[in-house]
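Structural description and commentary
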Amino acid sequence: MPGPGNRAKAAKARKNKSAAAPARPRDPYLADVDDADGWTPIVNILCSCFELPDLTTRKGLKKVHANFDAIYRKLDTAYQKNPDNERVRGGIVGIYAKMCVDSLLRDKLYDKGLLDKLFPLLQVDSTRYMALRALTTITHHGGSTTRSSIAARSSSLTSLVDAYPSDPLVCDLVTSVLSHSVLALTEGPEGSPAYPQILAKIDMVKVLQTVMHCMTQPFSTRSTIDHGTELLASSTLHATLAHRAVPQTAAWLVAGLRSPDWCTRCLSLGGLFRLHKLGAEEDLRAIDPQRLIGAIMSIPDELKDVMMDYGLMNCDLYKTMQCTRDFQKAIMQVPQDRDMYAFGMKLYNLILTTEFSISDGYYETINERTGKREILDVGVPFKRYSDALPLCAKVIREKHSSASAKGNAKQDQAALDAANVLELKHKIMTRQLPLASTIANAALASNPNFPYYYYAISLCADHSSGLRASKKGLKCPSINSSPFVKFQLMQRAVEHAGEMGLDVLAGMPEKGERKWEEGIAFLVSALEDAKTFIEEAPPDNRYMKNVCYWYVLLTIVISENISSDLREVKKGLDRLKIADKFSTIIDTKPPRTMLRQTQATVVSLFSSSIAKYSAFFECGKTVQPSVESEADQKVKDDLAAWLDNMHLEEGEKEPDVAHVHPRISSNQVDLYRCSHCGNPSAALRKCSGCEKARYVSLPTLALGSTRF
């Protein structure tokens with residue numbers, strides 16, 4: 001240990017060194033920064049000192065664009081000169097965060113290493129809240145590249161909650177940042193997440209556990225609940241295994257089905273659907289006619305009673321069996337009489353009776369020498385049974401075309417409808433659904449009241465067109481003449497309306513907005529059609545299971561009140577049990593489809609989930625951290641208002657824009673948005689054609705201009 005003499009020598013050396021090299025003068029703004037009471041005064045001092053334009057206006061951000069290099073050089077120099085001054089570094093990062101509201105400035109700052117400057121501030125007590133606020137702003141307005149890079153550092157955020165598990169503001173802001181950033185990774189269709197490499201590297205199990213912790217604290221806020229629920233629901237498709245490792249997430253989403261907010265209910269249901277998509281089985285399977293006949297001969301008494309109550313000959317099993325026999329007779333008759341017209345009219349009537357009316361195959365014989373099956377030429381113009389359909393359609397058209405001059409219009413239209421149905425059935429059997437839709441749309445010009453045309457359109461249309469076709473078909477005057485077509489259209493209407501309602505409300509429209517009202521209307525329509533289907537369709541209808549799934553789920557989502565024992569959906573569950581038994585005698589067992597598994601999860605978890613989590617969805621508190629003095633809290637957190645502020649200039653109008661997260665509470669940012677990619681910026685290029693559309697760059701201008 002050095003003695004007094006050594007200390008004296010060291011002091012003398014320091015004195016001589018100081019005399020030889022005078023201390024660098026302290027920047028004058030540092031004293032003001034040290035005396036400032038809060039982050040907003042700090043950033044205002046720095047903005048004034050470095051002569052920055054007003055960052056709360058579009059005009060000010062345009063000036064930053066014009067002088068970005070010079071402005072960044074000033075700020076970065078001050079940042080580098082003050083490695084130990086938390087206030088200066090925090091204030092400069094806060095200024096950067098404000099600039100990130102503009103997408104072009106955000107990208108420039110990201111390239112300059114903004115995240116490397118920001119994340120270390122999370123570990124400093126005095127800058128932690130400010131850094132989280134800055135990350136919230138950046139992820140809220142950030143592009144996918146920036147947000148994915150923040151998601152790649154998710155461990156820094158989850159460890160922060162581990163270190164401060166009872167800090168309300170840390171939990172709230174971390175949940176917000178994780179939601180906005182991790183969702184950038186999980187965008188994209190099934191099997192194709194936007195950033196698969198980053199998603200594979202981050203600990204999604206830990207992310208989900210962290211979010212569940214934050215949402216289930218006594219101090220959890222509306223913001224925490226909304227952001228956390230969106231993260232859980234939107235990540236189920238590409239992080240299914242992580243969710244299965246944290247089963248509380250499924251229970252949370254089940255409880256979300258009864259949230260006071262309709263959008264949250266639909267978001268939760270969509271998340272549950274996607275959670276069960278991995279490994280789900282296909283829904284419909286071809287029916288073996290021989291197996292069907294065997295099943296009918298061995299129907300248990302319990303199901304016979306159900307069929308007798310409905311009307312035995314009106315049940316699908318008997319109709320399908322009868323059509324199978326009639327088809328076999330017709331296919332054997334045509335080689336004898338060669339009457340393709342009569343053959344076609346028989347097939348037309350069978351097609352309108354049941355879904356599996358036309359069996360596919362060949363005229364075959366057994367080669368006595370080889371013992372193998374061989375295709376037999378029986379003198380008809382087709383070999384494959386399904387190929388007879390367009391040939392019959394052609395014969396029917398030709399016959400009525402030649403006789404149309406002296407025939408009556410009603411008979412001609414009936415013949416044309418028969419020919420169209422034969423052609424449509426052929427396209428459906430050969431999976432040419434888009435072509436079937438085209439033919440059906442053309443056929444509607446001559447007969448807009450023919451239900452089968454709408455049925456063909458509904459098979460391949462998007463949800464909007466499919467729902468429109470299904471509803472129009474159900475309104476046709478002749479709809480009851482073909483129960484098969486009627487119930488097909490009805491079950492398609494349930495699916496289309498249900499999917500559309502979920503999609504619309506998952507976009508988080510505000511209550512009372514047109515989109516909100518549309519979403520509710522779609523769901524109510526789907527539920528009404530599901531009720532009608534369950535009450536009127538044959539109990540052995542192969543779509544009964546799917547409609548029951550929708551009935552149970554939509555009743556839970558839509559009903560004003562629902563009991564914990566789900567007595568309100570007992571009718572649907574009872575009908576589902578019967579449908580399962582019919583399915584089992586025809587096939588091996590009901591397929592584990594996405595819908596089936598979702599319904600089963602909701603029913604099994606509903607009571608316990610509601611008891612455990614429903615109270616959190618009633619939460620409407622605001623963040624009130626009480627672990628520090630009022631003065632300390634003001635210094636650490638009053639930057640939030642400045643980061644959120646973006647005001648209009650004289651003569652400007654409020655733009656209609658959508659943010660990454662529409663439920664965010666900050667003020668609407670008054671920046672133009674790119675008409676192609678949606679990114680906000682004060683320095684967009686205006687389209688010279690329409691003078692309304694704006695673009696972030698010439699490449700996006702070229703891409704977007706095709707829409708105008």
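Residues numbered from 1 in each chain as written. Predicted model: local features only at pLDDT ≥ 70, side-chain atom pairs only at ≥ 80, totals over all residues. Heavy atoms only, no water.

**Some points on the overall build of the protein**
A tally of helices and strands in the protein yields 35 helices and six strands. Relative to its 708 residues, the protein shows a buried fraction of 51%. Entry remark: accessible area of the protein is about 33100 Å², with carbon and sulfur atoms responsible for 52%. (Helix = DSSP H or I, 4+ residues; strand = E, 2+ residues; numbered from the N terminus. Buried < 20%, exposed > 50% of the residue type's maximum accessible area, 1.4 Å probe, protein only. Areas by Shrake-Rupley, 256 points an atom, 1.4 Å probe, with all protein chains shown as cover.)

**Remarks on the packing of helix α15 (residues 222-235) against helix α18 (residues 262-275)**
Where α15 contacts α18, the two axes come as close as 8 Å, and the packing angle between them is 30°. The orientation of α15 with respect to α18, classified from their angle, is roughly parallel. The segment α15 lies against α18, with Asp226, Thr229, Glu230, Ala233 and Ser234 engaging Thr264, Leu267, Ser268, Gly271 and Arg274. Across the contact of α15 with α18, the residue classes break down as two nonpolar, five polar and three charged. (Axes fitted to C-alpha atoms, helices over the stretch in contact; angles between N-to-C directions. Parallel < 35°, antiparallel > 145°, perpendicular 65-115°, else oblique. Contact = heavy atoms within 4.5 Å. Nonpolar A, V, L, I, M, F, W, Y, C, P; charged D, E, K, R; others polar.)

**Focus: helix α30 (residues 544-558)**
Helix length check: α30, at 15 residues, gives a terminal C-alpha distance of 20 Å against a target of 21 Å (1.5 Å per residue), a fit within 8%. Along α30, 15 of the 15 residues are buried, which leaves the element largely enclosed by surrounding structure. (Expected span 1.5 Å × (residues − 1).)

**Looking at the nonpolar core**
The tendency in soluble globular proteins is for nonpolar side chains to be buried side by side. Leu75, Ile95, Met99, Leu157, Met204 and Trp252 are the most contacted members of the largest nonpolar core, which has 136 residues in total. The greatest single-element share of this core, amounting to twelve residues, is contributed by α30. Filtering out sequence-adjacent residues up to four positions away, Met99 remains in contact with Leu55, Val64, Ile71, Leu75, Leu105, Arg106 and Leu109. Listed in part, the 47 residues of the second largest apolar core include Phe343, Cys392, Ile428 and Cys476. (Core = buried A, V, L, I, M, F, W, Y, C linked by side-chain atoms within 4.5 Å.)

**Observations regarding the state of the cysteines**
All told, the structure shown has zero disulfides when counted by the stated rule. In this structure Cys171 is not part of a disulfide, and its nearest cysteine sulfur, from Cys214, lies 3.8 Å away. (Disulfide = S-S within 2.5 Å.)

**Some words on the environment of Ile578**
When you line up the elements, Ile578 lands in helix α31 (residues 570-586). Taking C-alpha positions, Ile578 is 7.6 Å from Leu303, a pair spaced 275 residues apart along the chain. In this view, Ile578 contacts Leu303 and Val306; residues no more than four positions away in its chain are not counted.

**A closer look at helix α21 (residues 316-337)**
Taking 1.5 Å per residue as the helical rise, α21 with its 22 residues ought to reach 32 Å, and the 31 Å between its terminal C-alpha atoms agrees with that figure. Within the sequence span of α21, burial applies to Leu317, Lys319, Thr320, Met321, Cys323, Thr324, Phe327, Ala330, Ile331, Val334 and Pro335. Positive backbone phi, at 55°, marks Arg338, one or two positions downstream of α21.

**Points about the environment of Leu253**
With respect to the helices and strands, the residue Leu253 is situated in helix α17 (residues 248-256). The exposure class assigned to Leu253 is buried, which follows from its relative accessible area of 0%. Along the primary structure Leu253 and Glu230 are separated by 23 residues, whereas in three dimensions their C-alpha atoms are 9.8 Å apart. When neighbours within four sequence positions are excluded, Leu253 is seen to be in contact with Thr229, Leu232, Ala233, Thr236, Ser268, Gly271 and Leu272.

**Remarks on the packing of helix α14 (residues 204-215) against α17**
Contact geometry of α14 with α17 gives a least axis separation of 10 Å together with a crossing angle of 45°. Comparing the axis directions of α14 and α17 gives the class oblique. The way α14 lies across α17 gives a crossing that is left-handed. On the side of α14, the interface is formed by Leu208, Met212 and Met215, while α17 contributes Gln248, Thr249 and Trp252. (Left-handed = near helix turned anticlockwise from the far one by under 90°.)

**Things to note about the side chain of Glu355**
Mapped onto the secondary structure, Glu355 falls in the loop between α22 (340-351) and β1 (364-366). As a buried residue without a salt bridge, Glu355 has its nearest oppositely charged side chain in Arg542, at a separation of 4.1 Å. Here the side chain of Glu355 touches Tyr543 through a polar contact of 3.0 Å, side chain to side chain. Sequence-distant contacts of Glu355, defined by excluding residues within four places in its chain, comprise Lys425, Phe484, Gln488, Arg542 and Tyr543. (Lys, Arg positive; Asp, Glu negative; His and termini not counted. Salt bridge = Lys/Arg side-chain N within 4 Å of Asp/Glu carboxyl O. Polar contact = N/O pair within 3.5 Å; in protein donor to acceptor, adjacent residues only side chain to side chain.)

**Some details on the confidence of the model for the protein**
Of the residues in the protein, 82% reach a pLDDT of 70 or more, and the chain-wide mean stands at 84. Here residues 1-10 scores under 50 on pLDDT; set against residues more than four positions off or in separate chains, the count is one contact. (pLDDT = per-residue confidence, 0-100.)

**Observations concerning the packing of aromatic side chains**
All chains considered together, the criterion is met by 15 aromatic pairs. On the numbers, 6.2 Å between centres and 5° between planes, the contact of Phe343 with Phe382 is stacked. Of the two residues, Phe343 sits in helix α22 while Phe382 sits in the loop between β2 (373-375) and α23 (388-402), which places them 39 residues apart along the sequence. Phe382 shares its class with Phe343; the two are buried. On the numbers, 4.8 Å between centres and 50° between planes, the contact of Phe450 with Tyr453 is tilted. (Phe/Tyr/Trp six-rings, centres within 6.5 Å; stacked < 30°, edge-to-face > 60°.)

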